[in-house]
Amino acid sequence: MRVVSGIQPTGNLHLGNYLGAIMRWAKMQDEGECLFFLADLHAITVHNDPAELTANVRGMAAALIACGIDTERSILFNQARVSAHAELAWLLNGTARIGWLNRMTQFKEKSGKNREGASVGLYVYPVLMAADVLLYQATHVPVGEDQKQHLELARDLAAKFNTDFGVDLFTLPEPLIGETAARIMSLRDGTAKMSKSDPSDMSRINLSDDSETIAQKIRKAKTDAEPLPATMAELADRPEARNLVGIFAAFAGRTADEVLADYAGSGFGAFKPALAELTVETLRPIRERYLELLAHPSEIDAILARGAERAAVLARPTLEGAYAALGLPRGG
Ligand code: TYM
């Protein structure tokens, strides 16, 4: 089992990232060989201030370590340090079809009405993602629901390359999507994904938020006036309530129905303080460790450099295999 996954280095890790992906990354370290990376090459598909990007790579690395990524056992690095990512993405561009990319909902969402003005990088973003996982022969890719379509494209790409060139080079990666927290929603709108691009900071809980801020965001989270029912099925038309119960369940390591069994009949006046306490207490040690790590940027850089060296060694055979399959001579 080889586990590979990435996250974009933005200023903040939010609860959607944590519950949808990172918490599971940390657990998977017991199950297989893991590579985790900061997707800084993906980050440049929209405009980023260069100095901020450098700082965000360090900040996100610190956040991942604070969340339990063990850099002895797992390989942690940033994409830009391992040139094989950009190289393989280019090689795969010859196999990826425009029709496949045209179907990507994330490109449609991110480019919005300004499609003509979006970067080419944003369009071919899923090809780089495919390279990220195929390079390492990933068998499992833990992600939130929003990345599922991209991973299906990675599988199609791997299969087409193997067939077109008559090789058995790429492993088809399996997306691993959690049951309880696959899609954490905004605290202000239960129909919108919790996201770093939402203009309202009240819509998300950030790893860097202090306890009072977290409690306040949960207190003010949008809900309805009804008491909680006994099963998730009864919450089908109450997206905000469903989201809060899902968050509780993910933190508590229980199913949403188990949580509802305890709170059936209670209103949010009782449920929200319990959720706030659980969230605050779980995130407190993570935030403390994160702030501690941030104070030592050169140590973080050293960890990423070492991770990149280890990753580059693992990437090399697949990259060489791709050049060879395509009939591209290499070396002196
Ligand atoms: P990114 O940086 O947007 O998100 C990182 C991880 O967090 C998950 N996630 C969520 N899960 C549940 N609810 C939410 N509201 C929520 N928001 C984000 C994402 O699904 C993701 O797992 N393109 C990727 C980064 C990437 C990658 C890869 C991932 C680059 N190459 C290769 C896997 C494999 C991205 O932008 O994730």
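All of these numbers come straight from a predicted model, not from anything done at the bench.

Enquirer: When you look at helix α13 (residues 297-325) in this model, what are you seeing that I'm missing?
Expert: Since the α-helix turns once every 3.6 residues, residues separated by three or four places project in the same direction. In this model, α13 (29 residues) spans 41 Å end to end at C-alpha, consistent with the 42 Å of a helix rising 1.5 Å per residue. If you look at α13, its biggest bend is around 35 degrees, right at A315, and the proline P317 turns up within four residues after that. Within α13, burial applies to I300, L304, G307, A308, A311, A315, T318, L319, A322 and Y323. Within two residues after α13, G327 carries a phi angle of roughly 75 degrees, on the positive side.

Enquirer: Would you explain the side chain of S74 in this entry?
Expert: Secondary-structure assignment places S74 in the loop between α3 (50-66) and β3 (75-78). Assessed through its relative accessible area of 1%, S74 is described here as buried. Setting aside residues up to four positions removed in sequence, S74 forms contacts with Q29, C34, F36, I69 and R310.

Enquirer: Looking at this structure, how should I read the environment of A159?
Expert: Structurally, A159 is set in helix α8 (residues 148-164). Sequence separation between A159 and A256 is 97 residues; the distance between their C-alpha atoms is 37 Å.

Enquirer: Got a minute to help me understand the packing of aromatic side chains in this structure?
Expert: Aromatic ring pairs are defined here through the distance separating the ring centres and the angle between the ring planes. One pass over the full model with this rule turns up eleven aromatic pairs. Here F107 and Y123 contribute two aromatic rings whose centre-to-centre distance is 5.1 Å and whose plane-to-plane angle is 75 degrees, an arrangement assigned as edge-to-face. Residue F107 is found in helix α6 (residues 105-111), and its partner Y123 is found in helix α7 (residues 120-134); the two are separated by 16 residues along the sequence. Judged by its relative accessible area of 9%, F107 falls in the buried class. Judged by centre distance (6.3 Å) and plane angle (85 degrees), the ring pair of F268 and F271 falls under edge-to-face. Of the two residues, F268 and F271 are both situated in helix α12 (residues 268-294); the distance of three residues between them amounts to about one turn of the helix. With respect to burial, F268 and F271 carry one shared label: buried. Between the NZ or CZ atom of R330 and the centre of the ring of Y323, over which it lies, the distance is 3.8 Å.

Enquirer: How should the site of the ligand be read in this particular structure?
Expert: Around the ligand, the structure places 28 residues, and the nearest of them are Q8, Y125, D132, D146 and I184. Within the backbone of G16, a nitrogen or oxygen atom sits 3.2 Å from a nitrogen atom of the ligand. Taking 700 Å² as the accessible area of the ligand by itself, protein coverage stands at 97%.

Enquirer: What is the right way to look at the nonpolar core in this model?
Expert: Membership of the largest hydrophobic core comes to 61 residues, with the highest contact counts inside it found for L13, Y18, L19 and F271. A domain-level breakdown of this core finds at least three residues from each of domain 1 (2-182 + 297-326) and domain 2 (201-293). Judged by nonpolar contacts, the second largest core, of 46 residues, contains A131, V141, L157 and A158.

Enquirer: Is there a simple way to explain the pattern of salt bridges in this structure?
Expert: Between side chains of opposite charge, a pair can form as their charged atoms come close. In total, this model carries 20 salt bridges according to the counting rule given. Linking R306 and E309 is a salt bridge whose minimum nitrogen-to-oxygen distance equals 3.6 Å. Residue R306 and its partner E309 are located together in helix α13, separated by three residues, close to a single helical turn. Among the salt bridges present, the one from E320 reaches R316, with a minimum N-O distance of 3.3 Å. Of this pair, E320 and R316 both sit in helix α13, four residues apart, which is roughly one turn of that helix. Residue class for E320 comes out partly exposed when judged on its relative accessible area of 26%. Of the residues examined, R316 reaches a relative accessible area of 53% and is grouped as exposed. Each of the salt bridges in this network shares a partner with another, and the network as a whole consists of E87, R316, E320 and R330.

Enquirer: Just to check I follow, could you spell out the side chain of Q29 for this structure?
Expert: If you trace the backbone, Q29 turns up in the loop between α1 (15-28) and β2 (33-38). The class of Q29 is buried, set by a relative accessible area of 7%. A polar atom in the side chain of Q29 sits 2.8 Å from the backbone oxygen of G68. When sequence neighbours within four positions are dropped, the list of residues in contact with Q29 reads C34, F36, G68, I69, D70, R73 and S74.

Enquirer: It is not clear to me how the domain arrangement of the chain should be interpreted in this structure. Could you clarify?
Expert: One frequently used descriptor of interface size is the decrease in accessible area upon assembly of the parts. In terms of domains, the chain is made up of domain 1 (2-182 + 297-326) and domain 2 (201-293). Between the C-alpha centres of domain 1 and domain 2 the distance comes to 29 Å. Counting each side, the surface lost to burial between domain 1 and domain 2 is near 1,400 Å², with a carbon and sulfur contribution of 72%. Looking only at domain 1, the three residues that lose the most surface to domain 2 are L15, A66 and T180, adding up to 35% of its buried area. Between the two partners, domain 1 and domain 2, sit zero salt bridges.

Thresholds applied
- Residues numbered from 1 in each chain as written.
- Predicted model: local features only at pLDDT ≥ 70, side-chain atom pairs only at ≥ 80, totals over all residues.
- Heavy atoms only, no water.
- Helix = DSSP H or I, 4+ residues; strand = E, 2+ residues; numbered from the N terminus.
- Expected span 1.5 Å × (residues − 1).
- Bend = angle between axes of the 7 residues up to and from the residue.
- Buried < 20%, exposed > 50% of the residue type's maximum accessible area, 1.4 Å probe, protein only.
- Contact = heavy atoms within 4.5 Å.
- Phe/Tyr/Trp six-rings, centres within 6.5 Å; stacked < 30°, edge-to-face > 60°.
- Lys NZ or Arg CZ within 6 Å of the ring centre and 35° of its normal.
- Near = heavy atom within 4 Å.
- Polar contact = N/O pair within 3.5 Å; in protein donor to acceptor, adjacent residues only side chain to side chain.
- Areas by Shrake-Rupley, 256 points an atom, 1.4 Å probe, with all protein chains shown as cover.
- Core = buried A, V, L, I, M, F, W, Y, C linked by side-chain atoms within 4.5 Å.
- Domains from an automatic or database assignment.
- Salt bridge = Lys/Arg side-chain N within 4 Å of Asp/Glu carboxyl O.
- Buried area = accessible area lost by both parts, 1.4 Å probe.

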